[in-house]
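Chain by chain, the residues run as shown.
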Amino acid sequence: MNRMSSEPLDTQPFGAPHRVLLALCMAIMVIDGFDTFVLGKIAPLIAAHFDVPASALSRVFFMQQVGLAIGAFIATPLADRYGRQRMLAVATAGFALTSLCIPFAPSLQWVGMARAVAGLFLSGALPMVIALLAESIPQAKRATCISIAMGAYSGGSASGGIVAAWVVGSAGWQSAFFIGGALPLALLPLLIWRMPESPQFLARFNAGSIGTPQATPLLHSLLDGRRWLTTVLWAMTFLSMGSIAFLGSWLPTFFQVWQGVPVQAFAVLTLVAFSGGLVGTLTSGWLLDRYPALLLLRIAYGGLAISLCLLGQIPFAAWFFVGILTAWNLCQSGGQALINTFLSRVYPVEVRSMGIGWAGGAGRIGGIVLPSLGGLMIEGDLGLGKVMSLVALAPATVFLLTFLLPTDAGGQSARRA
């Protein structure tokens, strides 16, 4: 395993060990983003394979989100106890093996069960990566590296569109899960032998300050002096990640049902608009180092609410539809990246992975509640415009919640924690 320099972290130059760490974290995020969101991009094809209506996929999305929620609350405290690098390797092996089982599922129920198990492992990767980078990268490059890793996560999500557009048509929907399982298995040896552990975690481990991850002490440590802040942040992640899960699960299906847009055609246009999400994610850390966090969050989620309303009103064939889709990607990806980086500044090292992960767990619960409404919306034939206006209420509420956050939250003092 690579080790970082023994120099104080913020005085280190950004060197080869940091680059190796960033590259490995990016690879994990690409695969994690692909595996988490690929289901929504090929959902109509899975429904057709099992000869069920599209609304029947609600059960599968529900089970996946349950797994993601449970995993977020279980896996991340273990990373604070046993180390980020070790638990990342376990998580990667877990979702790789479960993904490889899905193509052999005999029924839609088995697909849902496999996605639930995969979710247990998938949900821990992102908060562990953010915590690892926050504790391993010198201050001058820290926010930028976290943003790059989040950009890789968005890239992984978009790569599911590439598979949906050009691979599954000839190789079948099963090919998406073969890819999603084979890639992390290929990466696993590098995670075991080349990924460095967090120097801050190692310092605590060597000092003997690692405790048993019991629920009550952990929750007390998490909330100590941060009860109101944590409550507001959990509400924000519930709505933000819930709406992301909802749209990732149902948006291609909505456009197929109400505008007759083929899955492949929507996937291609989504790939074109992916640039917006990538820009939003990659610039979030850079912007956070220069402008007030609350201002950036309000711009992102206000813009997201507006773009969602427009997506429901502008025809898919309109020449400027791709611009609106790009704006949606920019605000959605950038907004969530801002929240994730913000979380890494708020919580100290002893509960950082858990603080990010449990906020993500609240978001995963949102990912259970909101996507479960998609099938009901289709069955009720609400129409695309009304559905998108309803979904826009989530980011609009996040916008309002930012006014409840302390003005100094995520400031310089938290940055040095």
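Residues numbered from 1 in each chain as written. Predicted model: local features only at pLDDT ≥ 70, side-chain atom pairs only at ≥ 80, totals over all residues. Heavy atoms only, no water.

**Points about the confidence of the model for the protein**
Reading predicted coordinates in detail is not appropriate for stretches of low pLDDT. Overall, the prediction assigns the protein a mean pLDDT of 84, with 91% of residues at 70 or greater. The least confident element of the protein, judged by mean pLDDT, is helix H18 (residues 412–415) at 40; the most confident is helix H17 (residues 393–401) at 97. Counting interchain partners and residues more than four positions distant, the pLDDT-below-50 stretch residues 412–417 has 10 contacts. (pLDDT = per-residue confidence, 0-100. Helix = DSSP H or I, 4+ residues; strand = E, 2+ residues; numbered from the N terminus. Contact = heavy atoms within 4.5 Å.)

**Some details on the pattern of salt bridges**
Within the structure shown, the criterion is met by three salt bridges. Between arginine 84 and aspartate 80 there is a salt bridge, and its shortest N-O distance comes to 2.7 Å. The partner of glutamate 135 in a salt bridge is arginine 352, with the nearest N and O atoms 3.5 Å apart. Here glutamate 135 is found in helix H4 (residues 108–136), whereas its partner arginine 352 is found in helix H14 (residues 352–369), with 217 residues between them in sequence. Residues glutamate 135 and arginine 352 agree in their burial class; the two are buried. Each of Asp80, Arg84, Glu135 and Arg352 takes part in one network of salt bridges that share partners. (Salt bridge = Lys/Arg side-chain N within 4 Å of Asp/Glu carboxyl O. Buried < 20%, exposed > 50% of the residue type's maximum accessible area, 1.4 Å probe, protein only.)

**A word on unusual backbone geometry**
One non-glycine residue, aspartate 51, adopts positive backbone phi at about 55°. Within the element layout of this structure, aspartate 51 appears in the loop between helix H1 (16–49) and helix H2 (58–82). Relative accessible area serves as the criterion here: at 72%, aspartate 51 is assigned to the exposed category.

**With respect to the packing of H1 against helix H3 (residues 84–101)**
Direction vectors running N to C along H1 and H3 enclose 35°, while the axes themselves pass 12 Å from each other. Crossing geometry of H1 relative to H3 is assigned as left-handed. Residues Ile28, Ile31, Asp32 and Asp35 of H1 pack against Leu88, Phe95 and Ser99 of H3. When the residues that make up the contact of H1 with H3 are grouped by side-chain class, the tally is four nonpolar, one polar and two charged. (Axes fitted to C-alpha atoms, helices over the stretch in contact; angles between N-to-C directions. Left-handed = near helix turned anticlockwise from the far one by under 90°. Nonpolar A, V, L, I, M, F, W, Y, C, P; charged D, E, K, R; others polar.)

**Some remarks on the environment of alanine 273**
Positionally, alanine 273 belongs in helix H11 (residues 263–288). Note: C-alpha distance between alanine 273 and tryptophan 328 (55 residues apart in sequence) is 8.7 Å. Setting aside chain neighbours within four positions, we find alanine 273 in contact with Val322, Leu325, Thr326 and Asn329.

**Section: the packing of H4 against H14**
How two helices sit against one another is set out by the angle between their axes and by the gap between those axes. Running from N to C, H4 and H14 cross one another at 150°; their axes reach a closest spacing of 9 Å. Considering the relative orientation of H4 and H14, their crossing is right-handed. Residues Ser123, Pro127, Met128, Ile130, Ala131, Ala134 and Glu135 of H4 touch H14, and the partners they reach there are Arg352, Ser353, Ile356, Gly357 and Arg364. Here the residues of the contact of H4 with H14 are counted per class, giving six nonpolar, three polar and three charged.

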